[in-house]
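Summary of the model geometry
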Amino acid sequence: MEPVIEVRHLVKAFHTNRVLNDISFNLDRGMNMAILGKSGVGKSVLAKCIVRLIDPDEGEIRVLGKDMLALDAIQLDEVRKRIGYIFQGGALYDSMTVQENLEFQVRRTREEMNKADLQDLVEEALANVGLLQAIHKMPAELSGGMKKRVAVARTLIFKPEIIVYDEPTTGLDPVTAGEISELILDVQKKYNTSSLIISHDMKCVKMTANHLKIITNGSFYTAGTWADLCESQDPEIWGYFH
Amino acid sequence: MDNQKTNESLNNFFSEIGNLVLFTRNMGQQFFSAPRELVKQGYFIGVKTLPLVVITAFIMGMVLTLQSRPVLMDFGAGALLPGMVSVSFIREIGPVITALLCAGKISSGIGAELGAMKVTEQLDAMEVSGTKPLNFVVATRVIATTFLVPILAFIADAIGLLGSYLSINMYEPMSFVLFISQAFDSLRQPLKPSFSASSLV
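To keep things clear, this report deals only with the structure shown in the data block. (Residues numbered from 1 in each chain as written. Chains lettered and ligands numbered in written order. Predicted model: local features only at pLDDT ≥ 70, side-chain atom pairs only at ≥ 80, totals over all residues. Heavy atoms only, no water.)

Next up on the list: the overall build of chain B. The number of helices and strands found in chain B is 8 helices and 0 strands. Written out in order from the N terminus, the α and β elements of chain B read α-α-α-α-α-α-α-α. Here chain B holds 201 residues, and the buried ones make up 36% of them. In the structure as shown, chain B presents an accessible area of about 11,800 Å², 70% of it carried by carbon and sulfur atoms. (Helix = DSSP H or I, 4+ residues; strand = E, 2+ residues; numbered from the N terminus. Buried < 20%, exposed > 50% of the residue type's maximum accessible area, 1.4 Å probe, protein only. Areas by Shrake-Rupley, 256 points an atom, 1.4 Å probe, with all protein chains shown as cover.)

Here it is in structure tokens:
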């Protein structure tokens, strides 16, 4: 299967703290891969390196066939438009309404789009996450789950081929977390996206991911499907599943 | 070991300088690329700061006149009051209080806003969606501040002189035309080089 993300021998250190140490993996098209690990092991750093929010020290990252570390700013923006990134807290622009949040990046990157088409695009994206009624609300008026949904809608507006979810269910109640997990699956089916899910919410991982990787001390400790890893007696793995 | 530490410190220092130069260059390239945000920031920086500048300048103008008047009257130099107030207000006090107020109000506001945006990953969200936060968030605020602070200083000067005029009229009637004429006559006198140097400081 065609890989959409290829990471080879990735290394990232902050001063003397080597957070990522020789990380290599592929994310194939249509795959939902979860990366598990304790807090502070470098899961989010890995996700940010992939979209080059953080520059790695060594290694190679290819996204949709492009060498991310060799791209100039304009080429990088073009690739980034094909990648959605859902931040932990949603990262909605708090001075703008939901509609403006969705319109903002389209206006800034596709200036030729007319107002009616833009409105349709925004309404379609919000309808897909079931939040059309919140179109005129400010982020401060939304619950945590709604913010995550709006963040997904904001990402969907570019119809990305890959979505990186950075702890999509953290801080949500179990019911809302379940809804977000279902939304991840719905989005994957409807838009045929490949997803990289950074999480330590095992319910979310079980529901959404078809391949799991566990990261410890900056490297992948093990990988496999939920069923494979669930049966492991290794104490390092067992703790996640029981 | 010491050499290595020194090299590392020098390396960090020059990296930081390099980053600042690149940051300034990128910002310069992206001036005026977000006109709607520029207008919005102009409103927040200019209009929202105006009441504070007006009240402060008015009070400063009045107080300066009230405090200077008795001394000048003692020396029989009351007629010099408008000129003295206008020179000190327009050349020094007006721009200084405007700059201090703007530094306090606008800078702390911008700092808090950008800090919150960084912490809540809003800047990263812009970056990752292909929207450069630099031109939207930083350049607009820098341009708005650069253009509006001198305008605020000009308004502060005018309001300060108005305060001074009202203050003089509390003691003796004086026509506004005479006040303005005396005020601007003093300003026409050329600056000594030493005065210009002190203004720069």
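Helices and strands together make up the secondary structure of chain A, namely 9 helices and 10 strands. Expected size for 242 residues packed as a compact globule is a radius of gyration near 18 Å; at 18 Å, chain A falls within 12% of this value. With the C-alpha coordinates aligned to their principal axes, the bounding extent of chain A is approximately 55 × 45 × 35 Å. Counting all 242 residues of chain A, 55% fall into the buried class. Across chain A, the fraction of contacts at a sequence separation of at least 24, relative to all contacts at a separation of at least 6, is 65%. Of the roughly 10,600 Å² of accessible surface on chain A, a fraction of 49% belongs to carbon and sulfur atoms. Distance between charge centres in chain A, computed from 28 positive and 34 negative side chains, equals 1 Å. (Rg over C-alpha atoms; globule rule 2.2 N^0.38 Å. Contact = heavy atoms within 4.5 Å. Lys, Arg positive; Asp, Glu negative; His and termini not counted. Charge placed at Lys NZ, Arg CZ, Asp CG, Glu CD.)

Before going further, it helps to examine the pairing of strand S9 (residues 211–216) of chain A. All names here are of chain A. Burial within S9 is extensive, with 5 of its 6 residues counted as buried. Taken together, the 4 bridges between strand S3 (residues 32–36) and S9 define a ladder with parallel strand orientation. The partner of Leu-36 across the bridge, within S9, is Ile-214. Linking S9 to strand S10 (residues 219–224), which pair antiparallel, is a turn of 2 residues; within it Asn-217 sits at a positive phi near 50 degrees. (Pairing = 2+ DSSP bridges.)

Turning to the nonpolar core, a few remarks are in order. Counting 47 residues, the largest nonpolar core has Ile-5, Leu-20, Phe-25, Leu-27 and Val-63 of chain A as the members making the most contacts within it. Residues contacting Ile-5 of chain A, with those up to four places away along its chain left out, are Phe-25, Asn-26, Leu-27, Ile-50, Arg-62, Val-63 and Ile-162 of chain A. (Core = buried A, V, L, I, M, F, W, Y, C linked by side-chain atoms within 4.5 Å.)

The next point concerns the sheet that holds strand S1 (residues 3–14) of chain A. Residue and element names in this part refer to chain A. Reading across from one edge, S2-S1-S4-S5 is the order of the 4 strands in this open sheet, with antiparallel pairing throughout. The open sheet has two edge strands, strand S2 (17–28) and strand S5 (66–67), and neither has a second partner. Pairing of strand S4 (residues 58–63) with S5 involves 2 bridges; the strand directions are antiparallel. Paired with Val-63 across the two strands is Lys-66, which belongs to S5.

Strand pairing in a sheet takes place through backbone hydrogen bonds and is either antiparallel or parallel in direction. Residue and element names in this part refer to chain A. If you walk across this open sheet you meet the 6 strands as S6-S7-S8-S3-S9-S10, and the pairing is mixed. Single-partner strands in this sheet number two, and they are strand S6 (83–86) and S10. Averaged over all adjacent pairs, the angle separating strand axes in this sheet is 15 degrees, with direction ignored. Where S9 lies against S10, 5 bridges are found, and the strand directions are antiparallel. Within S10, the position partnered with Ile-215 by the bridge is Phe-220. Where helix H5 (residues 144–156) meets the sheet, its contacts fall on S6 and strand S7 (162–166), and the angle it forms with S6 comes to roughly 165 degrees. Helix-sheet contacts for helix H6 (residues 174–191) involve S3, S7 and strand S8 (194–198), and the interaxial angle to S7 is about 170 degrees. (Axes fitted to C-alpha atoms, helices over the stretch in contact; angles between N-to-C directions.)

A cluster of nonpolar residues, Leu-10, Phe-13, Phe-14, Ile-17 and Val-21 of chain B, forms a patch on the protein surface that exposes about 490 Å² of accessible area. With respect to the helices and strands, the residue Phe-13 of chain B is situated in helix H1 (residues 2–29). (Patch = residues over 30% accessible without salt bridge, like charges linked within 9 Å, V, L, I, M, F, W, Y side chains within 5 Å. Salt bridge = Lys/Arg side-chain N within 4 Å of Asp/Glu carboxyl O.)

Remember, this is a structural readout, not a statement about activity or role.
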